[in-house]
Structure formats: C-alpha cells, structure tokens
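# Architecture at a glance
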Amino acid sequence: MRHEDLPSAPHAHHKSAGGLDPEVLDCLEKVQDPEVGISIVHLGLVYRAVRKAGRIEVDLTLTARTCPLGDLLVEEARTCLLRRFGGNCPILVSLVWDPVWTPDRITQSGLELLGRRPQHVS
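Here's what I pulled together on the structure shown here. (Residues numbered from 1 in each chain as written. Predicted model: local features only at pLDDT ≥ 70, side-chain atom pairs only at ≥ 80, totals over all residues. Heavy atoms only, no water.)

On to the overall build of the protein, then. Secondary structure summary: the protein contains three helices and five strands in total. Secondary structure elements of the protein, listed N to C terminal, follow the sequence α-β-β-β-β-α-β-α. Taken over 122 residues, the protein has a buried fraction of 43%. Put simply, the protein shows about 6800 Å² of open surface, and 51% of that area lies on carbon and sulfur atoms. (Helix = DSSP H or I, 4+ residues; strand = E, 2+ residues; numbered from the N terminus. Buried < 20%, exposed > 50% of the residue type's maximum accessible area, 1.4 Å probe, protein only. Areas by Shrake-Rupley, 256 points an atom, 1.4 Å probe, with all protein chains shown as cover.)

Given below as structure tokens:
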C-alpha cells in the first residue's frame, strides 16, 4: 500500500491520533469488513496503528455505531496482528467513535474496489 492512498487530514483531530505504521497497516489489510468485502484499511476504519515501547496499538472504528460486527472486527484485527508480530508483543486494539467515520476516509484503492472512480487530488 502506498501512503498517498491513505486519507490524511480527516482523522488528524482525533485525540489519540499518532500515526499509521506501514507494517501494521499491511497486516490489517487482511481484515475484511464482512458487509462490504473490503479491508478495514481501505475503508478508512483504522484511525491509528503504531508500534511503540514493545507494543502495538490500533484504534479503529466502524461505519456505524449500530454495526453488530464491531467485536468481530476487533478480534480479527488482534488475531491478524498476533500472527504477524507474535505473542511476545502486547497488542491493544480499541474501538473508537471520535471522529465519526465518513465515506471521505475511503482510500483511492477502496473507491476502485467499490467500483467508484478515484477522486483526483490537485
């Protein structure tokens, strides 16, 4: 995945915003939203994904608070990260609601996967 593919400013005001580690994102690309069939990364559901002080921390959201699959996505993300980085590294995956997710967070690749024309940034 290219960094230019990722949404930039929409999550910048998130109180725990702290970055998107490319290796963590690469792993999380394998986690699919079961309703849409696209990775949580390309849907823009991952707000923060960092490795620091021997641990991995991920903040992700859902497209709607009423989505019944939140626990499933959190557990899939945790399982995927455990497989990739091993059990010696504490992994914290949190479900967050601030900021509220909007379709503007979908990556260019995500738009293409949804059959929509990518937005051109000038």
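Right, let's get into the sheet that holds strand β3 (residues 46-52). Ordered by their spatial adjacency, three strands build an open sheet running β3-β4-β5, and the pairing between neighbours is mixed. Here the strands that pair on one side only, and so sit at the sheet edges, are β3 and β5 (91-95). Shown here is a sheet whose adjacent strand axes are inclined to one another by a mean of 10°, direction ignored. Across five bridges, the pairing between strand β4 (residues 55-60) and β5 is parallel. Counterpart to E57 in the pairing with β5 is L92. Contacts from helix α2 (residues 70-85) reach β3, β4 and β5, with the element oriented near 160° to β5. (Pairing = 2+ DSSP bridges. Axes fitted to C-alpha atoms, helices over the stretch in contact; angles between N-to-C directions. Contact = heavy atoms within 4.5 Å.)

A few words on the nonpolar core. Core analysis: the biggest nonpolar cluster contains 30 residues, and L28, V46, V58, L81 and V93 have the highest contact counts within it. Looking at this core, the elements with two or more residues in it are α1 (22-28), β3, β4, α2 and β5. For this core, the element with the highest residue contribution is α2, accounting for five residues. Other than its neighbours up to four places away in sequence, L28 contacts S39, I40, V41, V46, A49, V58, A77 and L81. (Core = buried A, V, L, I, M, F, W, Y, C linked by side-chain atoms within 4.5 Å.)

Summed over the entire model, instances satisfying the criterion amount to eight salt bridges. With a closest N to O distance of 3.6 Å, E57 and K52 form a salt bridge. Overall, E57 belongs to the buried group, its relative accessible area being 9%. What you see here is one network of salt bridges that share partners, running through R48, K52, R55, E57 and D59. (Salt bridge = Lys/Arg side-chain N within 4 Å of Asp/Glu carboxyl O.)

Moving on to the pairing of β4. Within a regular strand, side chains alternate between the sheet's two faces. Taken across its six residues, β4 has five buried, putting it largely inside the fold. In this structure, β3 lies alongside β4, joined through six bridges in antiparallel fashion. Paired with R48 across the two strands is D59, which belongs to β4. Counting the residues in the hairpin turn of β3 and β4 gives two residues, including A53, whose phi is positive at 45°.

So, on to the environment of H42. For H42, the position within the fold is in the loop between β2 (38-39) and β3. Separated by 64 residues in the primary sequence, H42 and I106 have C-alpha atoms spaced 5.7 Å apart. Within polar-contact distance, the side chain of H42 engages the side chain of E29 at 3.3 Å. (Polar contact = N/O pair within 3.5 Å; in protein donor to acceptor, adjacent residues only side chain to side chain.)

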